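Geometric and topological summary
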Amino acid sequence: VKPDDFIFTSLHKILRITEHVDPVATYSSVEQAVATLINQKHKLTMEIQENKASRIQNMQGIESGLRKMFCMLHIDQFSPSRGISLMPKEVNRAIGHVDKQIKELEMKLKGILTDWERAKADLKTRPYHRTQRQLWIEFLLKPELVPANLRAVQNRAK
């Protein structure tokens with residue numbers, strides 16, 4: 001390499017620092033080192049592209065697996081506002097229907113309970129209702145005592 005050829009001398013200095021050429025500066029050694037570096041660059045570029053292609057293929061396989069899993073779990077991945085449910089829609093609807101019926105039954109039972117509490121308070125405050133209740137209980141549980149009870153009521157009335 002001629003000393004006034006600044007490009008090749010500078011290139012030789014750089015290649016010598018990275019130990020790609022011998023200490024003696026020759027055009028052939030610089031050209032051979034540059035050709036080797038270009039070849040390595042090409043190999044690295046090809047390797048990067050292969051890795052990228054393999055990553056893309058791997059990603060597509062993962063996405064396909066996720067779609068299958070969402071389908072098996074009955075999850076709609078495109079409607080995040082609805083929320084994710086891990087049960088089929090039919091089961092979810094049936095549970096909602098049962099919950100609604102339970103609430104209706106609770107309301108009916110509350111009504112019955114308030115009626116019962118009102119009747120219980122009425123029995124305590126009105127003795128006539130208490131006596132009437134006792135007569136109905138005896139009529140239902142001990143029907144053989146009905147004639148005797150009627151005679152007793154008639155005797156009280158006289």
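Residues numbered from 1 in each chain as written. Predicted model: local features only at pLDDT ≥ 70, side-chain atom pairs only at ≥ 80, totals over all residues. Heavy atoms only, no water.

In this section: the layout of surface pockets. The computed volume of the largest pocket comes to approximately 330 Å³. Around the largest pocket, the lining residues are T131, Q134, L135, W136, E138, F139, V146, N149, L150, A152, V153 and R156. Grouping the amino acids of the lining of the largest pocket by side-chain chemistry returns seven nonpolar, three polar and two charged. (1 Å grid on protein atoms, 1.4 Å probe; cavity = no way out; pocket = protein on both sides within 12 Å on 5 of 7 lines; lining within 4 Å. Points joined across faces, edges and corners; volume = space filled by probe spheres on them. Nonpolar A, V, L, I, M, F, W, Y, C, P; charged D, E, K, R; others polar.)

The subject of this paragraph is the packing of helix α1 (residues 6-17) against helix α2 (residues 27-72). Where α1 contacts α2, the axes come no closer than 10 Å and their chain directions differ by 60 degrees. One element, α1, and the other, α2, form an angle in the oblique class. In the packing of α1 onto α2, the handedness of the crossing is left-handed. Contacts from F8, L11, H12 and L15 in α1 reach Y27, V30, E31, A33, V34 and L37 in α2. (Axes fitted to C-alpha atoms, helices over the stretch in contact; angles between N-to-C directions. Helix = DSSP H or I, 4+ residues; strand = E, 2+ residues; numbered from the N terminus. Parallel < 35°, antiparallel > 145°, perpendicular 65-115°, else oblique. Left-handed = near helix turned anticlockwise from the far one by under 90°. Contact = heavy atoms within 4.5 Å.)

On to the pattern of salt bridges, then. One pass over the full model with this rule turns up two salt bridges. Two residues, R126 and D122, come together in a salt bridge whose shortest N-O distance is 3.1 Å. (Salt bridge = Lys/Arg side-chain N within 4 Å of Asp/Glu carboxyl O.)

The subject of this paragraph is the environment of L141. Checked against the element boundaries, L141 lands in helix α4 (residues 127-141). Overall, the relative accessible area of 65% leaves L141 in the exposed class. A C-alpha to C-alpha distance of 76 Å links L141 and G61, two positions 80 residues apart in sequence. (Buried < 20%, exposed > 50% of the residue type's maximum accessible area, 1.4 Å probe, protein only.)

Further remarks concern α2. With 46 residues, α2 should cover 68 Å at 1.5 Å per step; its first-to-last C-alpha distance of 67 Å lies within 8% of that length. Buried within α2 are the following residues: S29, V30, A33 and F70. In this structure, the buried side of α2 is in contact with α1. (Expected span 1.5 Å × (residues − 1).)

Locating V21 in the fold gives a position in the loop between α1 and α2. Spatially, the C-alpha atom of V21 lies 31 Å from that of N51, the residues being 30 residues apart in sequence. In contact with V21, not counting residues within four places along its chain, are H12, L15, R16, S29, V30 and A33.

Let us look at the environment of A25. Checked against the element boundaries, A25 lands in the loop between α1 and α2. Taking the relative accessible area as the measure of exposure, A25 reaches 28% and is therefore partly exposed. In the structure, A25 is positioned 17 residues away from F8 in sequence and 8.6 Å away in space, judged by C-alpha atoms.

What follows is about a nonpolar patch on the surface. The grouping of W136, I137, F139, L140 and L141 at the surface amounts to a nonpolar patch, some 560 Å² of accessible area in total. Considering the arrangement of structural elements, one finds L140 in helix α4. Given the relative accessible area of 62%, L140 is considered exposed. (Patch = residues over 30% accessible without salt bridge, like charges linked within 9 Å, V, L, I, M, F, W, Y side chains within 5 Å. Areas by Shrake-Rupley, 256 points an atom, 1.4 Å probe, with all protein chains shown as cover.)

Looking now at the side chain of S29. With respect to the secondary-structure elements, S29 resides in helix α2. For S29, the side chain forms a polar contact with the side chain of T26, separated by 2.7 Å. Those residues in contact with S29, other than ones at most four positions away along the chain, are V21 and V24. (Polar contact = N/O pair within 3.5 Å; in protein donor to acceptor, adjacent residues only side chain to side chain.)

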